[in-house]
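If you want the building blocks of each chain, they are given just below.
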Amino acid sequence: MASNAETWLLENGNLKCLSKEMRHGVRTAHNMSSSSLRKKSEIALVSKVPYRFVRDFLANLQEVILGTKLSVLFLAIPFAIAAQCNHFGRPWVFALSLLGLTPLAERVSFLTEQIAMYTGPTVGGLLNATCGNATELIIAILALVQHKVDVVKYSLLGSVLSNLLLVLGTSLFCGGLANVTKEQKFDRKQSDVNSMLLLLGLLCHLLPLMLKYSRNSSDVFALETTVVSLSRVSCILMLIAYLAYLVFQLWTHRQFFEAQEDEDEDGDGIAEETPVIGFWSGFAWLAGMTGVIALLSEYVVATIEAASDTWGLSVSFISLILLPIVGNAAEHAGAIIFAFKNKLDISLGVALGSASQISMFVLPLTVIVAWIIGINMDLDFNLLETGSLALSIIITAFALQDGTSHYMKGLVLLLCYVVIGACFFVSRSPPNQDPANVVDFGMKSSAHGILRV
């Protein structure tokens with residue numbers, strides 16, 4: 001039965017031609033990873049509804065809400081709202097909001113892919129590049145508005161570390177065990193480009209840190225102003241580099257980033273993919289889910305200190321470890337599933353692509369937004385955090401340098417993540433200090449030195 005999307009395409013152009021264009025240009029590793037968690041919807045009952053408007057709404061509802069294996073987690077959303085409105089325990093609000101964000105992040109990826117089928121590969125790629133990490137960006141901006149710069153920095157740093165060590169490590173480890181008798185290979189072209197971007201981002205983090213320690217100035221305010229100014233200039237250059245990366249990815253070297261797909265029954269080499277919801281319906285659902293993400297993100301930011309006090313965990317550990325793991329669980333699971341299938345190019349595209357997007361787009365954009373609203377946020381992530389980032393990038397680059405993989409590489413990356421997590425677990429603020437008030441990761445200084453989180 002032809003869906004509304006198919007009818008629109010048949011009336012406005014050739015469905016098969018558009019599908020092929022989409023497949024060759026938009027089916028990136030992120031799209032392929034997200035699709036592994038989707039399930040086919042049965043619309044037999046919906047098709048019997050007599051009123052077309054109601055029938056279309058129910059069909060879209062079934063595709064968007066029930067079209068994912070994570071649909072049961074949508075129940076956490078009304079519970080989180082009810083807990084907030086009825087002033088239940090704030091740690092419960094925090095936990096329920098985190099669970100509710102998990103399927104929403106996967107559905108945003110699904111909706112951007114649906115819209116991309118109508119707009120073509122270029123616009124679809126731009127949508128994926130800007131909406132791929134919408135959850136992290138929204139949490140960061142809301143935390144900035146509440147002047148919680150420490151939460152912003154730790155959550156974005158945690159996203160990069162999670163993708164480089166946890167996601168990639170788990171993918172290589174599970175893929176190596178599942179294909180222990182096979183030689184696992186992947187194309188190094190994409191990983192090389194992402195590694196260079198990550199090293200550029202690391203340089204932009206190291207320079208403010210080195211500047212701070214190389215200056216023996218008694219004028220703390222002048223030093224902080226210099227570090228902030230350097231960070232803002234670096235962020236502008238990082239955004240320029242990310243725009244160049246989009247041109248490289250979507251136009252000049254698009255073949256580096258295309259995900260390999262299975263052959264279909266007709267033998268034309270690529271499986272057919274058609275949209276299941278309409279163009280404007282996709283935009284409406286995307287806007288609605290972005291609003292719900294913003295609401296739950298506000299709950300997360302507002303209740304993170306209460307969760308920290310109740311659970312006995314530092315804000316740094318929750319922001320660095322828990323937020324990235326739960327917020328990107330759907331995407332991470334997809335990467336692991338494709339590693340089991342020995343499709344490491346897709347797994348690497350997800351892990352390295354997300355890390356590059358956070359490091360070169362979300363983080364510098366957050367600094368620019370902070371600049372606009374009058375908050376001094378810089379790229380100085382302090383010595384411990386910057387050192388962890390540097391070693392993670394270097395270890396990942398070494399693991400991928402020969403274009404082959406086995407489970408030992410994945411195990412080493414996983415153990416590195418566990419060690420870093422353990423370090424931040426035991427690293428706590430002084431007992432007489434509220435972790436929520438420790439901001440800017442080294443921006444605040446005292447007469448005896450730099451305040452540590």
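Whatever comes next refers back to the structure up there.
Residues numbered from 1 in each chain as written. Predicted model: local features only at pLDDT ≥ 70, side-chain atom pairs only at ≥ 80, totals over all residues. Heavy atoms only, no water.

A. Representation of the overall build of the chain in the model. Along its length, the chain carries 17 helices and four strands. Buried residues in the chain amount to 55% of all 453 residues. Counting only contacts in the chain whose residues sit at least 6 apart along the sequence, the fraction spanning at least 24 positions is 82%. A total accessible area of about 19700 Å² is found for the chain, and carbon and sulfur atoms account for 66% of it. (Helix = DSSP H or I, 4+ residues; strand = E, 2+ residues; numbered from the N terminus. Buried < 20%, exposed > 50% of the residue type's maximum accessible area, 1.4 Å probe, protein only. Contact = heavy atoms within 4.5 Å. Areas by Shrake-Rupley, 256 points an atom, 1.4 Å probe, with all protein chains shown as cover.)

B. Here's a closer look at the pattern of salt bridges. Summed over the entire model, instances satisfying the criterion amount to six salt bridges. Here Asp192 ties to Arg188 by a salt bridge, and the two come within 3.7 Å at their closest N and O atoms. In this pair, Asp192 and Arg188 are both assigned in helix α10 (residues 188–214), four residues apart and thus about one turn of the helix distant. Classification of Arg188 as partly exposed rests on a relative accessible area of 35%. Across the salt bridge formed by Asp380 and Lys212, the nearest N and O atoms sit 2.8 Å from each other. Pair noted here: Asp380 is in the loop between α15 (344–372) and α16 (382–399) and Lys212 is in helix α10, with a separation of 168 residues, a long-range link. Accessibility expressed as a relative area gives 1% for Asp380, which makes it buried. Assessed through its relative accessible area of 7%, Lys212 is described here as buried. (Salt bridge = Lys/Arg side-chain N within 4 Å of Asp/Glu carboxyl O.)

C. Local environment of the packing of helix α6 (residues 90–119) against helix α12 (residues 279–311). In the contact formed by α6 and α12, the axes pass within 7 Å of each other and the chain directions differ by 155 degrees. When the axis of α6 is compared with that of α12, the two are roughly antiparallel. For the pair α6 and α12, the sense of crossing is left-handed. Residues belonging to the contact of α6 with α12 are distributed by class as follows: 26 nonpolar, eight polar and two charged. (Axes fitted to C-alpha atoms, helices over the stretch in contact; angles between N-to-C directions. Parallel < 35°, antiparallel > 145°, perpendicular 65-115°, else oblique. Left-handed = near helix turned anticlockwise from the far one by under 90°. Nonpolar A, V, L, I, M, F, W, Y, C, P; charged D, E, K, R; others polar.)

D. Spatial organisation of helix α8 (residues 134–145). Taking 1.5 Å per residue as the helical rise, α8 with its twelve residues ought to reach 16 Å, and the 17 Å between its terminal C-alpha atoms agrees with that figure. For α8, the buried fraction is high: nine of the twelve residues fall into the buried class. Taken as a whole, α8 has its buried residues at Ala134, Thr135, Glu136, Leu137, Ile138, Ile139, Ala140, Ala143 and Leu144. In the stretch just after α8, His147 is the one whose phi turns positive, near 60 degrees. (Expected span 1.5 Å × (residues − 1).)

E. Seen up close, the side chain of Gln114. One can find Gln114 in helix α6. Apart from residues lying up to four places away in sequence, Gln114 is in contact with Pro275, Val276 and Ile277.

F. Summary view of helix α17 (residues 407–426). Across its 20 residues, α17 extends 29 Å between first and last C-alpha, which sits within 8% of the 28 Å expected from 1.5 Å per residue. Looking at α17, one finds that the buried residues are Lys409, Gly410, Leu413, Leu414, Cys416, Tyr417, Ile420, Gly421 and Phe424. Seen end-on, α17 carries its buried residues on one side only, within an arc spanning 155 degrees. Facing away from the buried side of α17 by over 90 degrees, the exposed positions are Val418, Val419 and Val426. (Arc of directions from axis to C-beta.)

G. Up close: the environment of Leu61. As for its position among the elements, Leu61 is in helix α4 (residues 52–65). Under the relative-accessibility criterion, Leu61 is labelled partly exposed at 30%. C-alpha separation for the pair Leu61 and Trp285, spaced 224 residues apart in sequence, amounts to 9.3 Å. Discounting chain neighbours no more than four positions away, the residues touching Leu61 are Leu66 and Trp285.

H. Seen up close, the packing of aromatic side chains. Following the criterion strictly, the structure yields seven aromatic pairs and no others. An angle of 80 degrees between the planes, with centres 5.8 Å apart, marks the rings of Tyr154 and Phe424 as edge-to-face. One end of the pair, Tyr154, is in helix α9 (residues 149–178); the other, Phe424, is in helix α17, and 270 residues separate them in sequence. Assigned by exposure class, Tyr154 and Phe424 land together as buried. Centroid distance Tyr242 to Tyr245: 5.9 Å. Interplanar angle 40 degrees. Geometry classified as tilted. Taken together, the residues Tyr242 and Tyr245, both in helix α11 (residues 220–252) and three residues apart, mark about one turn of the helix. The same class applies to Tyr242 and to Tyr245, which are both buried. Every member of this aromatic cluster is reached through a ring pair, and the members are Tyr242, Tyr245 and Phe361. A cation over a ring is seen here: Arg107 above Phe110, with NZ or CZ 4.2 Å from the ring centre. Residue placement shows Lys341 over the ring face of Phe338; its charged tip is 5.3 Å from the ring centre. (Phe/Tyr/Trp six-rings, centres within 6.5 Å; stacked < 30°, edge-to-face > 60°. Lys NZ or Arg CZ within 6 Å of the ring centre and 35° of its normal.)

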